[in-house]
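An overview of the molecular structure
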Amino acid sequence: MVAVDLLPQHDRVNPEAVLVRQPREEAPFDYGWPGAAWHPEDDPELVVRAQQWDDGPWRWTLFVRGAPLPAEALRRVQDTIEWRPAWVL
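These figures come from a predicted structure and were not determined experimentally. (Residues numbered from 1 in each chain as written. Predicted model: local features only at pLDDT ≥ 70, side-chain atom pairs only at ≥ 80, totals over all residues. Heavy atoms only, no water.)

Strands sit in the order S1-S2-S4-S3 across an open sheet of four strands; the sheet is antiparallel. Looking along the sheet, the strands with just one partner apiece sit at the ends: strand S1 (2–6) and strand S3 (48–55). Each strand of the sheet is rotated relative to its neighbour by a mean of 15°, with strand direction disregarded. Two elements, S3 and strand S4 (residues 58–65), share eight bridges in a ladder whose sense is antiparallel. Counted as the bridge partner of valine 48 is arginine 65 from S4. (Pairing = 2+ DSSP bridges. Helix = DSSP H or I, 4+ residues; strand = E, 2+ residues; numbered from the N terminus. Axes fitted to C-alpha atoms, helices over the stretch in contact; angles between N-to-C directions.)

Spelled out as structure tokens, the structure:
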């Protein structure tokens, strides 16, 4: 599993989004504030949306605070991801 904080240029402290890649069969990532996407009752004032897609054996989840990304913006995120397996020596 890989989880990466995505920080807007104006705020280098508080992530506005987290991008997670994990095997599809694993339970959904729910650590920290992204967990509010699956458990909104834990913090009703924190609105977190999860947008998911599968790529081969991987499930990608983009967690964003507030409104989900529009489809075009989500496609741009997906298009920028270049995943390569580690080199085997």
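Residues spaced three or four apart along an α-helix face the same direction, because each turn holds 3.6 residues. Buried within helix H1 (residues 71–80) we find Ala73, Leu74 and Val77. In a view along the axis of H1, the buried residues occupy a sector of 100°, so they form one face of it. Turned more than 90 degrees away from the buried face of H1 sit Glu72 and Asp79, all of them exposed. Looking at the buried positions of H1, the neighbouring elements they touch are S3 and S4. (Buried < 20%, exposed > 50% of the residue type's maximum accessible area, 1.4 Å probe, protein only. Arc of directions from axis to C-beta. Contact = heavy atoms within 4.5 Å.)

Taken as a whole and assessed by the stated rule, the structure comprises four aromatic pairs. Centroid distance tryptophan 53 to tryptophan 60: 6.3 Å. Interplanar angle 5°. Geometry classified as stacked. One exposure class covers both tryptophan 53 and tryptophan 60, and it is buried. Feature note: the residues Phe29, Tyr31, Trp38 and Phe63 constitute an aromatic cluster, connected by ring pairs. Directly above the ring of tryptophan 58 sits arginine 21, whose terminal nitrogen or CZ lies 3.6 Å from the centroid. Lying over the aromatic face of tryptophan 33, arginine 65 brings its terminal NZ or CZ to 4.4 Å of the ring centre. (Phe/Tyr/Trp six-rings, centres within 6.5 Å; stacked < 30°, edge-to-face > 60°. Lys NZ or Arg CZ within 6 Å of the ring centre and 35° of its normal.)

Inspection of the secondary structure puts threonine 61 in strand S4. In this structure the side chain of threonine 61 is engaged in a polar contact, spanning 3.1 Å, whose partner is the side chain of glutamine 52. Excluding anything up to four places from it in sequence, threonine 61 contacts Val18, Leu19, Val20, Trp38, Ala50, Gln51 and Gln52. (Polar contact = N/O pair within 3.5 Å; in protein donor to acceptor, adjacent residues only side chain to side chain.)

Taken as a whole and assessed by the stated rule, the structure comprises three salt bridges. The residue arginine 24 makes a salt bridge to aspartate 54 at a minimum N-O spacing of 3.9 Å. Of the two residues, arginine 24 sits in the loop between strand S2 (17–23) and S3 while aspartate 54 sits in strand S3, which places them 30 residues apart along the sequence. It is possible to trace a salt-bridge network through shared partners that takes in Arg24, Asp54 and Arg59. (Salt bridge = Lys/Arg side-chain N within 4 Å of Asp/Glu carboxyl O.)

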